[in-house]
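Residue strings, one per chain:
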Amino acid sequence: MPPADEAFTGISAGGWHSCGTTVPPDWRVVCWGPDAHRPANPPADLAFYWVSAGFRHSCGVTPARTGGQIACWGANDLGQATPPADLAFARVSAGGYHTCGLRHPDSGVQCWGSDERGQTDAPSGAFTVLSAGLLHTCGVRRSDGRVQCWGSNEFGQASPPASPPEAGTTGAGAGSAPMKSPFPDMIWEPAALTKNDYNSHNLNPNMPHGPRFTVRGFWIDKTEVTVNDFKQCVEE
């Protein structure tokens, strides 16, 4: 059960555990659920502004003032909890047996862990959002807002629609109409709602670094990507 006396800015649900980031200035990660592989045992000496819970491991990103480093904990049998030590990141997504992060400041994708189906063979280029599933990964390209996926594609989960819906139509896509914001006139970072096989979800407003914009009643260029093991879609 989540602690009743904590306030959170982000939450992510993994295989059998969940983790959340507490409100500043603490920026702590609090996890709950079974801890057989220690995925619910985050390091107590680090501050995190972003957390992602995978199947049996979890990862978090430290604030920019401390280097934007990724720390992971839990199962590491295939290297999924061993991030690169010499890179700075803005985002991380923990999948089944692999993990991917958005590098800072170039917004390129870096992945590690199992590459059984090519799920860590990230394409070149800049991305705004990414989400790691069980055996595949998807991201939103910065250049055109389109989804690009790599890895397992047995069920078409790595083959996103070729064209987004027209602006103003019902449904989602990079071309859909902007959504009315429930918090107008605030500074927001693009909110990344990610789902993998284990229904992970992360929402962090007012982060210390990364792309930000002013909301005047609408989200502008808001791009979100959701992924599970058998499908993916872009949602507004």
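Q: Hey, could you run me through the overall build of the protein in this one?
A: Of regular secondary structure, the protein possesses 0 helices and 16 strands. Relative to its 236 residues, the protein shows a buried fraction of 49%. A separation threshold of at least 6 residues defines the contact pool for the protein, and within that pool the share at least 24 residues apart is 46%. Accessible area for the protein stands at about 10,500 Å²; split by element, carbon and sulfur atoms hold 55% of it.

Q: Sorry, what's going on with the pairing of strand β10 (residues 127-132) here?
A: Along any regular strand the residues' side chains alternate between the sheet's two faces. Judged by how many residues are buried, β10 sits mostly within the fold: 5 of 6 residues are covered. The loop that links β10 with its antiparallel partner strand β11 (residues 136-141) comprises 3 residues.

Q: Honestly, the sheet that holds strand β2 (residues 18-22) in this entry has me stumped. Any pointers?
A: Picture the strands of a sheet paired through backbone hydrogen bonds; they go either parallel or antiparallel. Across the sheet, which stays open at both edges, the 3 strands sit in the order β1-β2-β3 with antiparallel pairing between neighbours. A strand with exactly one partner marks an edge of an open sheet, and here the two such strands are β1 (8-13) and β3 (29-32). Geometrically, the sheet is characterised by an average inter-axis angle of 20° between neighbouring strands, direction not taken into account. Where β2 meets β3, 4 bridges bridge the pair, whose relative direction is antiparallel. Note on β3: the bridge partner recorded for Ser-18 is Trp-32.

Q: Help me understand the packing of aromatic side chains, please; the structure alone is not making it clear to me.
A: Given two aromatic rings, their pairing is described by the distance between the two centres and the angle made by the two planes. With the rule as written, the count across this model stands at 6 aromatic pairs. Relative to Trp-112, the ring of Phe-89 has its centre 5.9 Å away and its plane inclined at 65°; by these criteria the two rings are edge-to-face. One end of the pair, Phe-89, is in strand β7 (residues 89-94); the other, Trp-112, is in strand β9 (residues 109-113), and 23 residues separate them in sequence. Exposure class is identical for Phe-89 and Trp-112. Each is buried. An aromatic cluster is built from Trp-16, Phe-55 and Tyr-97, whose rings are joined through pairwise contacts.

Q: Hey, could you run me through the state of the cysteines in this one?
A: For the structure shown, the criterion picks out 4 disulfides. What pairs with Cys-19 in a disulfide is Cys-31, and their sulfur atoms sit 2.1 Å apart. The chirality of the disulfide connecting Cys-19 with Cys-31 is right-handed, given an S-S dihedral of about 105°. Of this pair, Cys-19 sits in strand β2 while Cys-31 sits in strand β3, and the two are 12 residues apart along the sequence. On the basis of relative accessible area, Cys-19 is assigned to the buried category, the value being 0%. Ordering the disulfide-forming cysteines of the protein by sequence position, one finds them joined as 1-2, 3-4, 5-6, 7-8.

Q: Can you help me understand the sheet that holds β9 in this one?
A: Ordered in space as β7-β8-β9, the 3 strands form an open sheet in which the pairing is antiparallel. Unpaired on one side and paired on the other, β7 and β9 mark the two borders of the sheet. Sheet twist, expressed as the mean angle between neighbouring strand axes with direction ignored, is 20°. Two strands pair when backbone bridges link them, and strand β8 (residues 98-103) and β9 are joined in this way by 5 bridges, in the antiparallel orientation. Of the residues in β9, the one forming a bridge with Thr-99 is Trp-112.

Reading the values: rules and limits
- Residues numbered from 1 in each chain as written.
- Predicted model: local features only at pLDDT ≥ 70, side-chain atom pairs only at ≥ 80, totals over all residues.
- Heavy atoms only, no water.
- Helix = DSSP H or I, 4+ residues; strand = E, 2+ residues; numbered from the N terminus.
- Buried < 20%, exposed > 50% of the residue type's maximum accessible area, 1.4 Å probe, protein only.
- Contact = heavy atoms within 4.5 Å.
- Areas by Shrake-Rupley, 256 points an atom, 1.4 Å probe, with all protein chains shown as cover.
- Pairing = 2+ DSSP bridges.
- Axes fitted to C-alpha atoms, helices over the stretch in contact; angles between N-to-C directions.
- Phe/Tyr/Trp six-rings, centres within 6.5 Å; stacked < 30°, edge-to-face > 60°.
- Disulfide = S-S within 2.5 Å.

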